[in-house]
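Chain by chain, the residues run as shown.
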Amino acid sequence: MGFHWKWDFTWEILPRLLEATLNTLIAAGAGYAIAIVLGLVLALAQRTPYRALTFVVREFVEFIRSTPLILQIFFVFYVGPQFGVRMSPWTSGMIAIGLHYSAYLSEVYRGGLNSVGKGQWEACTALNMSPRQAYTRIIIPQAVPPALAGMGNYLVGIFKDTPMLSVIGVAELMHTANAIGSESYRFLEPYTLVGVIFLAISLPAAGFIRVFETYVRRKLGLK
Amino acid sequence: MEDMSQYPLELTGDNIPMVRFMNVTKRYGKLTVLDRLDLDVATGEMVTVIGPSGSGKTTVLRMLMTLETINEGVIYVDGKPLTHMEKNGALVPASPKHLRMMRSQIGMCFQHFNLFPHMTALENCMEGPVQVLGMSKQEARKRSEDLLDLVGMIEKKDQHPSRLSGGQQQRVAIARALAMRPKVMLFDEVTSALDPEVIGEVTNVIRDLVDKHNLTMLMVTHQMGFAKDISDRICFFFDGSIEEQGAPDALFGNPQRERTQQFLSAVKEAG
Ligand SMILES: Nc1ncnc2c1ncn2[C@@H]1O[C@H](COP(=O)(O)OP(=O)(O)O)[C@@H](O)[C@H]1O
Ligand SMILES: [Mg+2]
């Protein structure tokens, strides 16, 4: 049966898979964009003096981090409509994956923000800066370099998690490979190609992130 | 609750001090770090605080810089309450807005410089004037360059702090604080983290400020010779209150209290 690799079949399905790769990249990019912004909000909310807010956000982050992503995807997609929130697979998927990774990124940001010494805050106060000025001009720029490695890991992580969106019908790479498989009864080539495509993107991305980290540090004049 | 009616809403009359600590108490939990402190600093006066480690010297400066809140008493700056504000004819704890208004009169230099590492020396100096005072970049640059020149750091203006020695960083930090044109400057052991051979370059800058500028200054230092040279008055702190104070010649030459004598002879022995 299908233990022989068929090159003509491979070439035939490659364009379709590459097209789906674009969707995968869009899903990862959009999910990450949500996570980057929302993660910062979650991290900053935990640094406010409002105890109740800090507590609720902390528990929310813990909750998201201790439940599986796949459950969250199903939850948003299938439970949402029961409360009258009907969304497309794409919208649900982006919300679920963005929310999930925002919890992880908020932890990365928290680490970065905590790594900025108390003395920097005191210098901001001595210069009479507002908390907002202190964060945007002084604290966050210094919190970014130590957070970059973690942020990069989760960028690759979110990319590798996008196949889970196939379960609610987002037409990304995995979904397309499945479709090809059930149409042709050949799974070897599509799944192998999916693996190769993921590898071909993940590996250079990890290297690029390291280079970028060095670049940012140098740009900010940090060692 | 403390009865706030014992404190005036503002200081009136002739000779209003630039800084007045009135009955100021500071506690950390059960530990009383400052106990009903009264201290005036006159306009243009240079007051140096000395005393053993843990006696509350840094805390005095940090309260004045509003880095710490106080538990009792009131601090006045230029006659107006700093730690409090007037509301319906009574003093209540200061709002963030009131603190921001009052804080603009005070500048501080720290033992560990606390320069912004992602900015050059010049950018460090320009940051406050541009962001906080709303000055144009051009004007802020001019002011900052003049001050970097004053502290002898103009050649290094485009260097990041990581490329500067401790003494150089501290001089930039002094220029950065001066760029905000404070009325009161605070120096907390600004030479303690420095190698002995560069202490002079920082003390010379402060000496210069005392000679040529009419700044009010409150300084904590372990450099007794330097303190004696430039101060108008020395306060010896012990256990959260002023044990003895006076003109440098009197306090160093003829200390009255036993604890002062012990401290000064211990310092002398240590070199
Ligand atoms: N944030 C803090 N929490 C608890 N105790 C503190 C804190 N800051 C200072 N202290 C205590 O207050 C006392 C005075 O400290 P400090 O003003 O720094 O002394 P000095 O500058 O004279 O060495 C010390 O006993 C110190 O341990
Ligand atoms: Mg101290």
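Residues numbered from 1 in each chain as written. Chains lettered and ligands numbered in written order. Predicted model: local features only at pLDDT ≥ 70, side-chain atom pairs only at ≥ 80, totals over all residues. Heavy atoms only, no water.

Draft legend 1. Looking closely at the site of ligand 1. Residues and elements named next belong to chain B. What surrounds ligand 1 is the set Y28, L31, V33, P52, S53, G54, S55, G56, K57, T58 and T59. Between ligand 1 and the protein, one listed contact pairs a nitrogen atom with a side-chain N or O atom of Y28 at 3.5 Å. Taking 570 Å² as the accessible area of ligand 1 by itself, protein coverage stands at 59%. At the level of elements, β2 (31–41) and α1 (57–64) are the ones that each hand at least two residues to the shell around ligand 1. The element best represented in the shell around ligand 1 is α1, accounting for 3 residues. Across the shell around ligand 1, the residue classes tally to 4 nonpolar, 6 polar and 1 charged. (Near = heavy atom within 4 Å. Polar contact = N/O pair within 3.5 Å; in protein donor to acceptor, adjacent residues only side chain to side chain. Areas by Shrake-Rupley, 256 points an atom, 1.4 Å probe, with all protein chains shown as cover. Helix = DSSP H or I, 4+ residues; strand = E, 2+ residues; numbered from the N terminus. Nonpolar A, V, L, I, M, F, W, Y, C, P; charged D, E, K, R; others polar.)

Draft legend 2. Representation of the sheet that holds β2 of chain B in the model. Residues and elements named next belong to chain B. Here we have 4 strands laid out as an open sheet, ordered β2-β1-β4-β5, and antiparallel in their pairing. With partners counted over all chains shown, the strands left at the sheet margins are β2 and β5 (80–81), one partner each. Together, β1 (19–28), β2 and β4 (72–77) form the strand contacts of α1, whose direction differs from that of β1 by roughly 115°. (Pairing = 2+ DSSP bridges. Contact = heavy atoms within 4.5 Å. Axes fitted to C-alpha atoms, helices over the stretch in contact; angles between N-to-C directions.)

Draft legend 3. Inspection of the interface of chain B and chain A at higher detail. Between chain B and chain A, the residue contacts involve 23 residues of the former and 20 residues of the latter. When chain B packs against chain A, the two sides together hide about 2,000 Å² of surface, and 57% of this comes from carbon and sulfur. In terms of surface lost to chain A, no three residues of chain B exceed R100, F116 and H118 of chain B, which account for 27% of the buried area on that side. Here chain B and chain A share 2 salt bridges between them. The closest approach of N and O atoms between E122 of chain A and R62 of chain B, which form a salt bridge, is 2.9 Å. Between the two partners, chain B and chain A, sit 9 residue pairs in polar contact (both at pLDDT 80 or more). Counting only elements with at least two residues in the side of chain B that touches chain A, the list comes to α2 (96–103), β8 (106–109) and α3 (121–132) of chain B. By residue number, the principal contributor to the side of chain B that touches chain A is α3 of chain B, which donates 3 residues. In the side of chain B that touches chain A, the residues fall into 11 nonpolar, 7 polar and 5 charged. (Buried area = accessible area lost by both parts, 1.4 Å probe. Salt bridge = Lys/Arg side-chain N within 4 Å of Asp/Glu carboxyl O.)

Draft legend 4. Summary view of the packing of aromatic side chains. Using the criterion set out here, one finds 14 aromatic pairs over all chains in the structure. Among the aromatic residues, those joined into a ring-pair cluster are W5, W7 and W11 of chain A. A cation over an aromatic ring shows up here: K26 of chain B above the ring of Y28 of chain B, its NZ or CZ 4.9 Å from the ring centre. It is R176 of chain B that lies over the ring of F116 of chain B; its NZ or CZ is 4.5 Å from the centre. (Phe/Tyr/Trp six-rings, centres within 6.5 Å; stacked < 30°, edge-to-face > 60°. Lys NZ or Arg CZ within 6 Å of the ring centre and 35° of its normal.)

Draft legend 5. Fine view of the UniProt feature "domain: ABC transporter" (unreviewed entry) in chain B. UniProt records the feature "domain: ABC transporter" (unreviewed entry) at residues 19–264 of chain B, using the numbering of this structure. For residues 19–264 of chain B, the helix share is 37%, the strand share is 28%, and the end-to-end C-alpha distance is 27 Å. (UniProt positions renumbered as here; feature names shortened; annotations may be inferred.)

Draft legend 6. Spatial organisation of the packing of helix α6 (residues 131–161) of chain A against α3 of chain B. Running from N to C, α6 of chain A and α3 of chain B point in directions that differ by 145°, and their axes come no closer than 12 Å. Relative to α3 of chain B, α6 of chain A is oriented so that their crossing is right-handed. Listed contacts from α3 of chain B to Q133, R137 and I138 of chain A of α6 of chain A are E127, Q131 and V132 of chain B. Its residues placed into classes, the contact of α6 of chain A with α3 of chain B shows 2 nonpolar, 2 polar and 2 charged. (Left-handed = near helix turned anticlockwise from the far one by under 90°.)

Draft legend 7. Structural view of a nonpolar patch on the surface. All names here are of chain A. A surface patch of nonpolar side chains, amounting to about 530 Å² of accessible area, comprises I70, L71, F74, F75, Y78 and V167. Here L71 lies in helix α3 (residues 69–82). Looking at L71, the relative accessible area reads 43%, which means it is partly exposed. (Patch = residues over 30% accessible without salt bridge, like charges linked within 9 Å, V, L, I, M, F, W, Y side chains within 5 Å. Buried < 20%, exposed > 50% of the residue type's maximum accessible area, 1.4 Å probe, protein only.)

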